[in-house]
Amino acid sequence: KSSKREWKPLEDHSCTDVPWLLLFILFCVGMGFICGFSIATGAAARLLSGYDSYGNICGQKNVKVEGIINSGLDLTHKKYVFFLDPCNIDLVHQRIKSLALCVSACPRKELKTLADIQKFAETNGSTLCSYELQPSEYTTDPRAAKLCPKYPVPESAPIPFFHRCAPVNISCYAKFAEALITFVSDSSVLHRLISGVMTSKEIIMGLCLLSLVLSMILMVIIRYISRVLVWILTILVILGSLGGTGVLWWLYAKQQMSASAVETQIAKDNLQALLIYAISATVFTVILFLIMLIMRKRVALTIALFHVAGKVFIHLPLLVFQPFWTFFVLILFWTYWITVLLFLGTTGTPVPNEEGFVEFRMAGPLKYMWWYHVVGLIWISEFILACQQMTVAGAVVTYYFTREKRNLPFTPILASVNRLVCYHLGTVAKGSFIITLVKIPRMILMYIHTQLKGKENACARCMLKACICCLWCLEKCLTYLNQNAYTATAINSTNFCTSAKDAFVILVENALRVAAINTVGDFMLFLGKVLIVCSTGLAGIMLLNYQRDYTIWVLPLIIVCLFAFLVAHCFLSIYEMVVDVLFLCFAIDTKYNDGSPGREFYMDKVLMEFVENSRKSMREAGRGGGAEGRELKPM
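Nothing here was measured: the structure is a model prediction, and the numbers come from that model. (Residues numbered from 1 in each chain as written. Predicted model: local features only at pLDDT ≥ 70, side-chain atom pairs only at ≥ 80, totals over all residues. Heavy atoms only, no water.)

Draft legend 1. Molecular detail of the overall build of the protein chain. When helices and strands are counted, the protein chain shows 19 helices and eight strands. Burial analysis of the protein chain (635 residues in total) assigns 46% to the buried set. Look at the contacts in the protein chain between residues 6 or more apart in sequence, and 71% of them connect residues 24 or more apart. Just so you have it, the protein chain exposes about 32500 Å², and 67% of that area is on carbon and sulfur atoms. (Helix = DSSP H or I, 4+ residues; strand = E, 2+ residues; numbered from the N terminus. Buried < 20%, exposed > 50% of the residue type's maximum accessible area, 1.4 Å probe, protein only. Contact = heavy atoms within 4.5 Å. Areas by Shrake-Rupley, 256 points an atom, 1.4 Å probe, with all protein chains shown as cover.)

Draft legend 2. Broad picture of the packing of helix 11 (residues 322–345) against helix 12 (residues 369–400). At a minimum axis distance of 11 Å, the contact between helix 11 and helix 12 shows a crossing angle of 175°. Comparing their axes, helix 12 and helix 11 come out roughly antiparallel. When grouped by side-chain class, the residues that make up the contact of helix 11 with helix 12 number 17 nonpolar, eight polar and no charged. (Axes fitted to C-alpha atoms, helices over the stretch in contact; angles between N-to-C directions. Parallel < 35°, antiparallel > 145°, perpendicular 65-115°, else oblique. Nonpolar A, V, L, I, M, F, W, Y, C, P; charged D, E, K, R; others polar.)

Draft legend 3. Geometry of the pattern of salt bridges. The full count for this structure, using the stated rule, is six salt bridges. E475 is the salt-bridge partner of K439, the closest N and O atoms lying 2.8 Å from each other. Of this pair, K439 sits in helix 13 (residues 412–451) while E475 sits in helix 14 (residues 458–492), and the two are 36 residues apart along the sequence. Across the pair, exposure class does not vary: K439 and E475 are buried alike. Residues joined by salt bridges that share partners form a network here, namely E382, K439, R442 and E475. (Salt bridge = Lys/Arg side-chain N within 4 Å of Asp/Glu carboxyl O.)

Draft legend 4. Local environment of the packing of aromatic side chains. A full pass over the atoms with the stated rule returns 15 aromatic pairs. A ring pair is formed by F24 and W379, whose centres lie 5.2 Å apart and whose planes are at 75°; its orientation type is edge-to-face. Here F24, found in helix 1 (residues 18–40), pairs with W379, found in helix 12; they are 355 residues apart in sequence, far enough to count as distant. Residues F24 and W379 agree in their burial class; the two are buried. Between W249 and Y252, the aromatic rings sit 6.2 Å apart at their centres with planes inclined by 85°, giving edge-to-face as the arrangement. You can see W249 and its partner Y252 sitting in helix 8 (residues 226–257), three residues apart, about one turn around the helix. Looking at W249, the relative accessible area reads 34%, which means it is partly exposed. Cluster of aromatic residues (ring-pair linked, three or more members): W20, F24, F27, Y372, W379, F383 and F433. (Phe/Tyr/Trp six-rings, centres within 6.5 Å; stacked < 30°, edge-to-face > 60°.)

Put into structure tokens, the structure is as follows:
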């Protein structure tokens, strides 16, 4: 045997990788210290209440900053931050290049002249010019050209909870959006895209909800008709890809034939988008057919695994909701992380800049808290995802190695969470830290590649891309090995390194099976994602087609399809996890048990049939059996 230690599923539980758990707790304490430090230095007040260009926090009395005029003012009645030129955005330093003031009210209507600004100040008591100018001087003092807002002053409204006056018209930020969307050279195109999204927002929300419903329906179908699921998916994907491609070409031909001599720019953009979609769908359909033709002989193996996985979901229905809990926890952590990041952006001591205004900067070792905070984002996010993997692995292992399914715990998911919290948090922390060690260099190289874009020579660019690709491949391999290590830990309660070694030995011994199951199984789950995206996209095409004369629906359709793929991926990734855990359990079961008295199999009857068929086909292959026997040989 390649591994001397015997596998003893679920016989005992012990704490694993305790030093790594202590290290992770210390790291989280450091994250808490950063949050507490930023709040204690006044960053929270500056973030929530806002501050002007002189270092005054709006809505309170302030302390004088040496060397800065207009600092230390009593702004108790001026609770909102107002930017004199809110549309002047500095894309390099990610800030608004404008003088900021504290005002008592935001202008709720457009102010076109200095006289309008003066009238607004006299009527509402809100002075929109700098503090040294009185409202009576707005139209007479020559300094008003620099100390008053750029007019026309756009209509604005306060941002909830953050007390900033923001322009109501989003076209104010067209320059910022154009910089993000580099392929847009004409600002009118960007404006039409944005208006298309705003006009179709109800349809977009409805289609996103449709993708969620379709994903849930697909999970139900997997539970109850797993034997025919593969063939149903195959036929539906064939029909869906053919139907979607045909509909796109039909719409393109129809609009081209009905095109009038005088066309609007929106109609021309929609016609061009239809042609691009139709060509892309045709190429995708051809490639999909070729892949399905090559892999058609290995469908039977996937059916058996899907059937057992379907039984797992019948006995463990809470697995379906696992993505919701993980996503909810991630959203909570990301919200906390972004909040602290904003705190860090306003923390530090006030210092005058070259323009004579106040900036808050950190000096000494404290300025490296940014890096610590970024590492925390990666490590804790990976830790949360690893907790999901360990929870799913523990529940599926409990199901597989319980001979009498009626003796399963009332809620195996909660039992798995309990074992994770009591015994295996250190293992999860160590596994997620290893992924973090690979992610950080890859992200640094990607940042360097972005910054040097167009400046480096071809050799350096090729080497950077090669390094990024290698690190990405290493990350994927380690993620797969980590998942199997968590399964081994759930079975034997061994530490991370021992579990990873044992799982690696099992996977190497079953390399052909791993290749077949991962290839076919992942492909069939990919077909499920394609089905959901195609169904949602087809519904979107039919609904948005009614608005083609006055709405560009390129961007809404892309948003809907991306959301549909994300939702389908979240749900079907759980199914993929279950299949991988079942396979490792099956490999361990066949290695250490043979069905004889005292060494009975734990596996399901369907997998037992495959074991018997495998033995029979191997005997036939040994006698010179046909192609069918060789095809079943890996099982």
